[in-house]
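Chain and residue survey
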Amino acid sequence: MKRSGSADLPLHYGYVPIWLAERMAKLGLAIVENILIDYGKDDLLRRLSDPFWFQSLGAVMGMDWHSSGITTSVMGALKRAVNPHSKELGIYICGGKGKYSKQTPDELLKISERTGLDGNYLVKCSKLSAKVDNTAIQDGFQLYTHNFILSDTGKWAVVQQGMSDLSSTARRYHWLSESLTSFVDDPHTSIYGQNTGYILNMADKQADGSRNGVMQIAAENPERMLKEISKLVMPSHHDVRAKDVDLKRLGAVLWLAHEKQPSDFQDLLLLQGLGPRTLQSLALVSEVIHGTSSRFKDPARFSFAHGGKDGHPFPVPIKVYDETISTLQTAVYKAKLGQSEKAEAIKRLSKIAENAEKGFTPNANFDKVIEEERSSSWKYGGRTVMGRAKPPVQQQLKLF
C-alpha cells in the first residue's frame, strides 16, 4: 500500500444544511460517473488519494474551501450517492465519522460476500492504514473519521482524518493500494510489526514494494516521512484571497465564460444554451473531472464554481448549482446510451480554458470579481448557512 499524502486544515465545527447536502450528493455522483466513464475505477481511486484534488472537489461542491469539514461532508455525500449504485459502478464507500468508522469492517465483509473479494484481508488493510496514522505516526492527531473506498477489482483508497485539540487543526491522511493480486493470492499470511499492529505479508512479488513501504513508514522518523509525501496546508482565514489562487488560471476561466461567447467556439456548440455564470461553474467542474494532477495546487480556485456555505468567496448560487448538476447528469445519461457528444463537449471545456491561459495576463481586479459575485448572488438563488442572499437595497433620494 502507499501513503499518498496528507492535508492540514483549520478545525471547523458546524453542519451542512440539507439544501447543500442534497446537491453535493447529486453533483458528487455525476462527477464520479463522468470519471468512471472516461478514465475508469483505478483513476477515481488515484484522485481520491490526492489531497489537492480532494480539496478541490470539496471546494467545487460548495463546501468551505479550507476547512476540515470538507473531509466528512464530501465523503458522506459520496457514500449516500454512490452506494445505491455500487453494483453498477463497481465502487463501494465504507466507514465515515465517529461510530460509522467502526462499521467499516462489517461493511467490507458484507461487500466481500457480494463481490467474492477477500473480506478478511480488506479489513486488515483498513485497520492497518488507521493503525499507522493513529499509532505508528505520533503527530498529535487522533483519528475520528475513516473512509475505505473499494473497487470491485479489489483495489482501494483510504481517506481518514484526525484532530488536534492543542492546535485546533485537523489532518487528513490519504492512502492508495498498489497491487491487485496481492489481495487474493495469500491473504492469510502476515507478519507483526512492533508498535504498528498487524503488518500484512503480501506474498505476490508485485506487492514487495508495498510491504517494504509499510515497514519503512513504521521505522521512519515521522517528520522526515511527512516531508516526502504530498502535503497540503490550508490557511486559517475564511475569506479567499488573491494569494490563495492561481490568478492566471482563474482569470482564463472567467474570461472564457463571461467575455468570450460560447458560440465563438465550434467545440462548445452543444453547451450554447448555458448562461455565462453556469459556464464558469461547468469549466471548473470539468477541470476536476478531466484535469491533470498539476492543476490542483490551488484548491481555493474551485470555490469560484459554487461559492461556499459560509459565504466565502460568495454564497452558493443554487440556480447555477442545479443547472451544473443537470448538465452533467444529462451527459452521463446520453453517454450510457452511446451518445457521448455532450460529455465530450464538457471534456473539451477544460482544455479550452487551459489553452486560454497561454499568454493570458490577469487584471488586478480579484476583489472586484468577488464583489460582483456577491452583489449578483440573489439573482442566482444564493444561500449560506445564515440564510438567502437578498438584492441590494435601493437608496431613495431624500428631498426633505
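Notes on the structure follow. (Residues numbered from 1 in each chain as written. Predicted model: local features only at pLDDT ≥ 70, side-chain atom pairs only at ≥ 80, totals over all residues. Heavy atoms only, no water.)

So, about the side chain of E33. Of note, E33 is situated in helix α1 (residues 18-38). Residue E33 is classed as buried on the basis of its relative accessible area of 12%. Not counting residues within four places of it along the chain, the set of residues in contact with E33 comprises E88, L89, V332 and K336. (Helix = DSSP H or I, 4+ residues; strand = E, 2+ residues; numbered from the N terminus. Buried < 20%, exposed > 50% of the residue type's maximum accessible area, 1.4 Å probe, protein only. Contact = heavy atoms within 4.5 Å.)

Moving on to the pattern of salt bridges. Under the criterion given, the structure shown has 17 salt bridges. Close ionic contact of R47 with D43 constitutes a salt bridge, the shortest N to O distance being 2.5 Å. Taken together, the residues span about one helical turn, with R47 and D43 both in helix α2 (residues 41-48) at a distance of four residues. One continuous salt-bridge network, built from bridges that share partners, spans D246, R249, E287, R295, D298, R301 and E357. (Salt bridge = Lys/Arg side-chain N within 4 Å of Asp/Glu carboxyl O.)

For helix α10 (residues 247-258), with 12 residues, the first-to-last C-alpha span of 16 Å sits near the 16 Å given by 1.5 Å per residue. Here the buried face of α10 lies against α11 (276-290), α12 (303-306), α14 (341-356) and α15 (366-376). The N-cap residue of α10 is D246: its side-chain oxygen and the backbone nitrogen of K248 are 3.2 Å apart. (Expected span 1.5 Å × (residues − 1). Polar contact = N/O pair within 3.5 Å; in protein donor to acceptor, adjacent residues only side chain to side chain.)

Turning our attention to the packing of aromatic side chains. If you walk through the whole model with that rule in mind, you get four aromatic pairs. Ring centres of F304 and F314 lie 5.9 Å apart, and the angle between their planes is 70°; on these two criteria the pair is classed as edge-to-face. Taken together, the residues F304 in helix α12 and F314 in the loop between α12 and β9 (316-317) connect sequence positions 10 residues apart. Given a relative accessible area of 0%, F304 falls into the buried group. Connected via pairs of aromatic rings, a cluster forms that spans F304, F314 and F366. Directly above the aromatic system of Y39 lies the positively charged group of R47, at a separation of 5.2 Å from the ring centroid. When the ring centre of F52 is taken as origin, the NZ or CZ atom of K297, which lies over that ring, is 4.5 Å away. (Phe/Tyr/Trp six-rings, centres within 6.5 Å; stacked < 30°, edge-to-face > 60°. Lys NZ or Arg CZ within 6 Å of the ring centre and 35° of its normal.)

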